[in-house]
Amino acid sequence: MEFETKAIHSGQEPEPAYGSVNVPIYQTSTYAQEAVGKHKGYEYARTGNPTRTALETALAALEEGFGAVCFSSGMAAESTFFYLLQPGDHVIVPDDVYGGTYRLVSRVLAPAMGIEFDTVDLTDLDAVEKAIREETRVVWVESPTNPLLKIVDIAAVADLAHEAGAWCVVDNTFASPYLQQPVKLGADAVVHSSTKYLGGHSDVVGGAVVTTAAEMQERLAFLQNAAGAVPGPQDVFLVLRGLKTLAVRMDAHCRNAGIVAEFLSGHPRVKRVYYPGLPGHPGHELAGRQMRGFGGMVSFETETEEEALEVCGRTELFYLAESLGGVESLIEHPGRMTHASVAGSPLEVPPTLVRLSVGIEHPDDLVEDLTRALR
Ligand SMILES: *Cc1c(COP(=O)(O)O)cnc(C)c1O
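What comes next is a walk through the structure.

Scoring rules and cut-offs
Residues numbered from 1 in each chain as written. Predicted model: local features only at pLDDT ≥ 70, side-chain atom pairs only at ≥ 80, totals over all residues. Heavy atoms only, no water. 1 Å grid on protein atoms, 1.4 Å probe; cavity = no way out; pocket = protein on both sides within 12 Å on 5 of 7 lines; lining within 4 Å. Points joined across faces, edges and corners; volume = space filled by probe spheres on them. Helix = DSSP H or I, 4+ residues; strand = E, 2+ residues; numbered from the N terminus. Nonpolar A, V, L, I, M, F, W, Y, C, P; charged D, E, K, R; others polar. Near = heavy atom within 4 Å. Polar contact = N/O pair within 3.5 Å; in protein donor to acceptor, adjacent residues only side chain to side chain. Areas by Shrake-Rupley, 256 points an atom, 1.4 Å probe, with all protein chains shown as cover. Sits in = over half its atoms within 2 Å of the grid points. Contact = heavy atoms within 4.5 Å.

As a further point, take empty space enclosed by the protein. Where empty space is left becomes clear once a probe the size of a water molecule has been rolled over the atoms. In this structure the tally under the stated criterion is three cavities of 30 Å³ or more. What the largest cavity holds in volume is close to 40 Å³. What lines the largest cavity is Leu55, Cys70, Phe71, Ser194, Val204, Val205, Gly206, Gly207, Pro231, Asp235, Val236 and Val239. Listed by contribution, the elements that provide at least two residues to the lining of the largest cavity are β1 (67-71) and α9 (233-243). Ranked by residues supplied to the lining of the largest cavity, first place goes to α9 with three residues. Its residues placed into classes, the lining of the largest cavity shows eight nonpolar, three polar and one charged.

Written out as structure tokens, the structure reads:
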């Protein structure tokens with residue numbers, strides 16, 4: 001079955017009681033049992049909920065994984081995943097990893113769990129090889145990265161991790177499974193903030209881990225129940241609803257981002273454009289091999305920080321807001337907004353940088369809005 005079909009049908013068969021074509025929102029905390037221990041597979045809603053099961057089934061199918069475990073946010077998915085580790089274990093994170101992941105690793109896992117970590121430029125495979133040590137359990141990958149849109153060779157990094165007996169875990173939030181399937185490239189687990197493209201409408205916060213083996217799936221399901229960061233049924237319904245249009249939305253995001261990146265590349269007030277779809281981007285060829293399209297995120301630099309801040313304040317269709325991956329276009333200043341918490345760390349970003357989450361409005365209107373803002 002092809003991706004578009006799975007997105008609509010996997011785990012989402014019509015419900016047997018009345019034939020509802022959408023998975024019902026099972027708004028319940030518990031399930032009546034016929035006799036002690038005699039139930040229909042669900043006992044308590046932290047442990048399991050049929051709406052959540054539908055989303056987990058669909059995500060596993062879309063990422064071609066073994067299974068999936070859903071959480072109340074992307075960070076809840078990540079922090080629960082890291083409960084798989086032990087004190088003294090070592091983690092490698094990209095030198096431009098999502099700021100929330102860096103904060104979790106450096107300010108929670110390191111002091112509270114005794115996890116050691118290094119930040120490495122994952123586009124430099126020699127540096128990855130050098131950073132891997134005996135205690136390394138996880139090499140954490142993002143591609144494209146945030147906000148500089150670097151492209152990492154997932155298959156090559158997975159090989160290096162596996163040689164050392166470590167897992168390669170890919171945060172696939174920026175690409176979505178429609179554009180990139182890390183499991184096929186060798187990843188052992190895939191992490192999502194479903195808040196972004198999976199949900200796609202800026203109306204829900206959620207997360208997921210897709211697994212590739214029964215052992216990790218069982219352990220994560222145990223941790224999901226034991227640590228308890230589960231999503232509510234309304235929230236998983238919204239993500240399921242978003243998934244149905246993921247393919248068509250991603251095609252539109254890619255097309256519009258390509259047009260916006262081209263426009264910015266030719267603009268006299270723009271110093272540099274970061275978009276893997278541009279032939280001059282260092283990861284262009286690799287992205288062409290590893291991804292189905294180049295994604296909806298575009299970053300660019302102006303000459304001065306003042307100009308960057310002005311542009312962010314002048315757009316009308318591009319709302320000035322954090323987050324990404326919704327149908328509406330967003331603009332933000334990473335240095336002062338999404339990446340303010342990494343100032344002074346190896347993850348600091350240029351103050352002249354502006355990040356766009358290009359939505360699915362008509363591209364002419366988006367270009368006109370940016371033309372006005374860059375006047
Ligand atoms: C937003 C985001 C997260 C965190 O997800 P939340 O749903 O906000 O908790 C993790 N990784 C990436 C790449 C993100 O963009």
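Next comes the rest of the description.
Take the site of the ligand next. Taken together, the neighbourhood of the ligand is formed by 13 residues, with Gly74, Asp171, Ser193, Thr195 and Lys196 sitting nearest. A distance of 2.7 Å separates an oxygen atom of the ligand from a polar side-chain atom of Thr195. For the ligand, whose accessible area on its own is 380 Å², the fraction buried by protein is 91%. A molecule is said to occupy a pocket when more than half its atoms come within 2 Å of that pocket's grid points, and by this definition the ligand occupies the largest pocket. A per-element tally of the shell around the ligand places helix α3 (residues 74-82) first, with three residues. Its residues placed into classes, the shell around the ligand shows four nonpolar, six polar and three charged.

The subject of this paragraph is the environment of Thr302. For Thr302, the location among the structural elements is in strand β9 (residues 297-302). In this structure the C-alpha to C-alpha distance between Thr302 and Gly258, which are 44 residues apart in sequence, comes to 19 Å. Not counting the four nearest positions on each side in its chain, Thr302 is found in contact with Arg269, Lys271, Glu307, Ala308 and Thr352. From its side chain, Thr302 meets the backbone oxygen of Thr304 in a polar contact 2.9 Å long.

Once that is clear, we can look at the layout of surface pockets. A volume near 260 Å³ is recorded for the largest pocket. Along its surface, the largest pocket is lined by 19 residues, and Gly74, Met75, Tyr98, Ser193 and Lys196 are the ones closest to its centre. Elements with a contribution of two residues or more to the lining of the largest pocket: α3, α4 (99-113) and β6 (189-193). At three residues, α3 tops the list of elements feeding residues into the lining of the largest pocket. Split into classes, the residues belonging to the lining of the largest pocket amount to six nonpolar, eight polar and five charged.

Worth remembering: the numbers are spatial, not functional.
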